[in-house]
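As a plain string of letters, each chain reads:
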Amino acid sequence: MKTKLTVTLGLGLVAAAAWAGPVEDQIRSRQSAYGFLGWNTAKIKAQAVDHPETFDKDQVIAAANAVAAVANSGLLGLYGPGTDQGTGWKPTRLKSEYFEKPADVKEIDDSFIKEANELQKIAASGDVGAIKEQFGKVSKTCKSCHDLVRIRE
Ligand code: HEC
């Protein structure tokens with residue numbers, strides 16, 4: 001019984017490690033994911049907030065779909081042990097304090113996912129005012145996380 005349990009646990013650990021990947025891969029994927037989020041949110045900001053005269057419903061829907069997909073992809077799986085040190089595309093900006101407050105980050109990430117899902121729904125309506133308002137809520141969750149665990153440049 002004991003041996004079987006050990007074997008099962010052992011396999012579980014191997015599977016988890018294989019899924020998360022080496023530290024550098026996790027950091028690189030994390031930086032890619034957030035960089036891609038930045039590209040999409042910049043489009044929404046430009047078209048729904050700063051220059052509503054350029055609003056293109058299809059582009060904003062595509063961007064909101066991308067943001068929601070990335071938000072729902074399980075990004076916290078890329079915050080494995082040791083990923084506060086190392087280089088992906090560039091040296092990581094994850095603060096080591098992350099490992100003291102994973103629950104706080106999880107809470108922020110949950111609201112990021114919730115607001116991103118809502119933005120996806122509202123984008124489909126093509127209502128620029130409503131998109132602008134919901135975009136503000138999404139952006140607040142980005143900022144909360146950055147203030148808490150991202151090293152300032
Ligand atoms: C759960 C926390 C969290 C949330 C939510 C979050 N970020 Fe970040 N973001 C980070 C961390 C941590 C980094 C640094 C990653 C690294 O260097 O390893 C980062 C990096 C970035 C970068 C720089 C990427 C690069 O390396 O070039 C951009 C751009 C960015 N985030 C945009 C956003 C936007 C836009 C949102 C919301 C739509 C968002 N982030 C939501 C934690 C978060």
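Further up the page is the structure itself.
This write-up is about the structure you can find in this document. Bear in mind the structure is a predicted one, so any value in this text is a computation, not a measurement. (Residues numbered from 1 in each chain as written. Predicted model: local features only at pLDDT ≥ 70, side-chain atom pairs only at ≥ 80, totals over all residues. Heavy atoms only, no water.)

Here's the deal with the packing of aromatic side chains
In this description, a pair of aromatic rings is defined by centroid distance and the angle of the planes.
No. 1: Scanning all chains against the criterion turns up 3 aromatic pairs.
No. 2: A ring pair is formed by Tyr79 and Tyr98, whose centres lie 4.9 Å apart and whose planes are at 40°; its orientation type is tilted. One end of the pair, Tyr79, is in the loop between α3 (57–71) and α4 (102–123); the other, Tyr98, is in the loop between α3 and α4, with 19 residues separating them in the sequence. Neither Tyr79 nor Tyr98 differs from the other in exposure class; each is buried.
No. 3: Between Tyr98 and Phe99, the aromatic rings sit 5.0 Å apart at their centres with planes inclined by 80°, giving edge-to-face as the arrangement.
No. 4: Members of the aromatic cluster, connected to one another through ring pairs, are Tyr79, Tyr98 and Phe99.
No. 5: Over the aromatic face of Trp39 sits the side chain of Lys43, whose NZ or CZ is 3.7 Å from the ring centroid. (Phe/Tyr/Trp six-rings, centres within 6.5 Å; stacked < 30°, edge-to-face > 60°. Helix = DSSP H or I, 4+ residues; strand = E, 2+ residues; numbered from the N terminus. Buried < 20%, exposed > 50% of the residue type's maximum accessible area, 1.4 Å probe, protein only. Lys NZ or Arg CZ within 6 Å of the ring centre and 35° of its normal.)

A word on the pattern of salt bridges
No. 1: Taken as a whole and judged by the stated rule, the model has 7 salt bridges.
No. 2: The partner of Lys106 in a salt bridge is Asp110, with the nearest N and O atoms 3.0 Å apart. With a gap of 4 residues between them, Lys106 and Asp110 both fall in helix α4, about one helical turn apart.
No. 3: You can call Lys106 partly exposed: its relative accessible area is 43%.
No. 4: Lys121 is paired through a salt bridge with Glu118; the nearest N and O atoms lie 3.5 Å apart. One end of the pair, Lys121, and the other, Glu118, are both in helix α4, 3 residues apart, so they sit about a helical turn from each other.
No. 5: Given a relative accessible area of 59%, Lys121 falls into the exposed group.
No. 6: What makes Glu118 partly exposed here is its relative accessible area of 30%. (Salt bridge = Lys/Arg side-chain N within 4 Å of Asp/Glu carboxyl O.)

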